[in-house]
Each structure stands twice: as structure tokens, then as C-alpha cells.
Amino acid sequence: MLIDFKTASLTEVLEHKTMYYEKIDFSIVQKSWEILSSSLTLPFVIHIVGTNGKGSTGRFLSHYLYKKDFKTLHYSSPHILKFNERIWINGKDSSDEELEKASKKLQELLPLSLLEKLTYFEYTTLLALVLSSNLDYLVLEAGLGGEFDATNVVKNDLSLITTIGLDHQSFLGNSIEEIARTKMRSVDTKMLIGYQVSNEVYETALKVKEELKKEFGKEIVIQTVKEFDKYDLDEKFASYLKLNLHLVIDVLNELDIEIDTKIFNDVKLSGRCEKIKDNITIDVGHNPLAATVLAREFNNKKVHLIYNSYKDKDYTEVLRILKPIITQITILELDDNRIVDKNNLLDICHNLNIIVNSLEKIDPKEEYLVFGSFLVVEKFLRNMELNEE
């Protein structure tokens, strides 16, 4: 069904947009921003790129800034249950009314030719930019990559580099250097590099610094976080989140904002090694890097893994990493053409000697880990809601 992108509701617009990543024409979102920029006043822009840890880093930082009385918007993706989660403003998810108003502004200012061509992620990024106008801080989480990500359409005042590993290779490259380069070429002024597994990330930063100077005359400053045990988090948070916390504190020091670690204690981190019941943990991670930190988190424990994966992920390596903590696995059925063929997962489980079982009900005596993507966590939570009704 065709719609008029000039008059449609936000729900209708998003339903008709291309949601999935593909080789897109970056000039469309650039042209759109050129038009919008004259009507908006952007705040200080903090751009977050990396493979893992972007969401928790952004929320730790945004929460702290808001608690320090700065007007702050945090843009992240994807969402778990409701689109509003993607745009968090001053301590809460954006309202339907705020989002609809921002969408109407896009429809008023942009020509139909651009409205029709913008992808789902580009359109939603522009919504966040509209809603950030006249605030103090905009914390922008890149969706994929960096240099040609829609979030890089605006100049960033500070760039945060979270842990970089192998993921989205078909889109970003087949090596740590290629992936880091794509992400770091989004930097405009200064990059703060957080915890890294590979030294190639630091080496690539120096190469990118020279590239950006030679190509664009940019004088990029590189700063690295050197300590990761100086500060502690409330024990309710997974231990690996301390790594992201130290990057956030470096940012606050850079912004000359006083540090009070107690402010972090009431941050709500949905889907980041989050215990939703005494025996159920959900995590939206989906790659070997995420599996590695979870395997450490559940060291000396055993879990019933509830899992599925996108077909472009290294699910073989994920299951190999998690095998030592798994008692059995339930493959959560998902109706999505991006999901791997169930028979592939069954073959891998057989080869790894992982027991596969269906899940009729939650056993209060068993520990569960729900992992594999936002889609897996969303389906599990919706099933729980239905079962509790």
C-alpha cells in the first residue's frame, strides 16, 4: 500500500521505511540535514562508535548529565519493546506526542523526494536531531559503522570509541583494522578510546589521524582510557560494565563535570546483562565479543540458554564460547527472514554436544540466560507478558 510521506503518521512512515542495513546513498541524509540545519540549534554532540558497549556507555553518560541538570537526549538503537526507547530525553523515553511532532516538522521542511528515500534509520536519526534542538547535550549512538552512518551527518564535538571487534563483516570489513577504520573516520575533533581487546584498534587510530589530516586537514586528538579498576559500580550491574563506566568518567573529566559515582547507581540499563527475575537474565548482545564477557560473568555457573541468531552472525563461535556455562539450549522460534535456519543451529549444538530442549515453562530452580539479539529478548519478554496475563 502506498502512502503520502508528507501527511502520514509516524507509525505509517516507519512501517513503510526500509529497516535493514544495506548499501545506502549517504547523500540523501546529507541533503536532508542541510535543509534542517537552518531551523535547528544543535547542542554539544557526543558521538559513540564501536562494536559492543555503545548502548550502556551512552546511557551511563546521558543519565549522569541529566542528573547534573543538563538537558540531554540519548539516541540509541534498536529498541526492545517500543520505538520510543530509541530517543531518551531528560530521564525518560520520548513520548508519542514528542515523536509525532518531530515527524511533522520533518514533513514540513523536507521535500517529498527526500522523505520517500530516507531509510528507517536515517529518518529516526533526523527525528532525534529535531528533538535535540536547544538542549545542552546530544549523545548519538551510531547504528552501524561510523563514517557513513546517518548519525555522522552532523559534526561531533567529541567521539567515544567503545570496544571494537569482528561484527557486520559483510558491511564493515573482515579485519579489526578495517572495522576500526570505518568507525574512526567519523571523528571530527577528538576521540576518547575505551577498553579494547585488540592493540590493532590503537594502531588504527594513529593511521586514521594521519588520513584525516591529509584528506580533510583535520587535527584529531587521540586520548585513551588507561585505568579500568579505579571506580566501582553498584553490585547489581554486571562486572564488565565497569569498563564502559571508566570511559564515561573520562568524558565527564573532559567536560569538567564533577564526579560522583553514586549517581550511576540508579541507571536503568535494559537488556544489558539485566536480571528481570532472580533466575532470568536478558542480554541483547549477539556476537562473540558479547558472548565472551557473558561467559566470564557466569563463570562457575550453569545456565539454560534461550537463543537464536541472525544468519550473518558468527553463531558457531558464540555457542562454542558459551558452551562451558550451558546446561541445555532452547532455540527461540522467530519469524524473520534474517534469522539463521534452525537446522544450522541444531547441527552446531550436536557437534558441540549441547543438549537442545523445548521450554514449556520457567523452572524456578534453574538459571536462564536469554541472549542472541534485541529480537530474541523482545520475543521472550512478550511471551512472558502473555503467560502472566
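All figures in this text were calculated on a predicted structure; none of them were measured in a lab.

Asker: Just checking my understanding: could you explain the overall build of the chain for this structure?
Answerer: On a plain count of helices and strands, the chain comes out with 14 helices and 13 strands. Taking 21 Å as the expected radius of gyration for a compact globule of 389 residues, we find that the chain reaches 21 Å, a close match to that expectation. Along the first, second and third principal axes, the C-alpha set of the chain runs to 60 × 55 × 40 Å. A buried classification covers 55% of the 389 residues belonging to the chain. For the chain, restricting intrachain contacts to residue pairs at least 6 apart in sequence, the fraction spanning at least 24 positions comes to 75%.

Asker: What is the right way to look at the pattern of salt bridges in this model?
Answerer: Two side chains carrying opposite charge are able to pair once their charged atoms lie near each other. This model, assessed by the stated rule, comprises 18 salt bridges. Measuring nitrogen to oxygen at the nearest pair gives 2.7 Å for the salt bridge that ties lysine 218 to aspartate 188. One end of the pair, lysine 218, is in the loop between helix H9 (200-216) and strand S8 (221-224); the other, aspartate 188, is in the loop between helix H8 (176-184) and strand S7 (190-193), and 30 residues separate them in sequence. On the basis of relative accessibility, which here comes to 21%, the residue lysine 218 falls in the partly exposed class. The closest approach of N and O atoms between glutamate 333 and lysine 342, which form a salt bridge, is 2.7 Å. Connected through salt bridges with shared partners, the residues Glu147, Arg181, Arg185, Glu211 and Glu215 form a single ionic network.

Asker: Whenever I open this one, the sheet that holds strand S9 (residues 274-277) confuses me. Can you help?
Answerer: Two orientations exist for strands paired in a sheet by backbone hydrogen bonds: parallel and antiparallel. Taken together, the five strands give an open sheet; going across it, the order is S9-S10-S13-S11-S12, and neighbouring strands pair in mixed fashion. For this open sheet the edge positions go to S9 and strand S12 (326-331), each flanked by a neighbour on one side alone. Sheet twist, expressed as the mean angle between neighbouring strand axes with direction ignored, is 25 degrees. Sheet analysis places strand S10 (residues 280-283) next to strand S13 (residues 368-371), joined by four bridges and oriented parallel. Residue pairing in the sheet places isoleucine 280 in a bridge with tyrosine 368 of S13.

Asker: Please explain the packing of aromatic side chains as it appears in this structure.
Answerer: For any two aromatic rings, the description comes down to two numbers: the centre-to-centre distance and the angle of the planes. Enumeration according to the criterion identifies 11 aromatic pairs in this entry. Between tyrosine 66 and tryptophan 88, the aromatic rings sit 6.1 Å apart at their centres with planes inclined by 85 degrees, giving edge-to-face as the arrangement. With tyrosine 66 in helix H3 (residues 54-67) and tryptophan 88 in strand S3 (residues 87-89), this pair connects stretches of sequence that are 22 residues apart. Look at phenylalanine 83 and tyrosine 120: their rings are 6.3 Å apart centre to centre, the planes differ by 85 degrees, and that puts the pair in the edge-to-face class. Highlighted residues: phenylalanine 83 in the loop between strand S2 (72-75) and S3 and tyrosine 120 in helix H6 (residues 120-132), separated in sequence by 37 residues. Taken as a pair, phenylalanine 83 and tyrosine 120 share a single burial class, namely buried.

Basis of the calculations
Residues numbered from 1 in each chain as written. Predicted model: local features only at pLDDT ≥ 70, side-chain atom pairs only at ≥ 80, totals over all residues. Heavy atoms only, no water. Helix = DSSP H or I, 4+ residues; strand = E, 2+ residues; numbered from the N terminus. Rg over C-alpha atoms; globule rule 2.2 N^0.38 Å. Buried < 20%, exposed > 50% of the residue type's maximum accessible area, 1.4 Å probe, protein only. Contact = heavy atoms within 4.5 Å. Salt bridge = Lys/Arg side-chain N within 4 Å of Asp/Glu carboxyl O. Pairing = 2+ DSSP bridges. Axes fitted to C-alpha atoms, helices over the stretch in contact; angles between N-to-C directions. Phe/Tyr/Trp six-rings, centres within 6.5 Å; stacked < 30°, edge-to-face > 60°.

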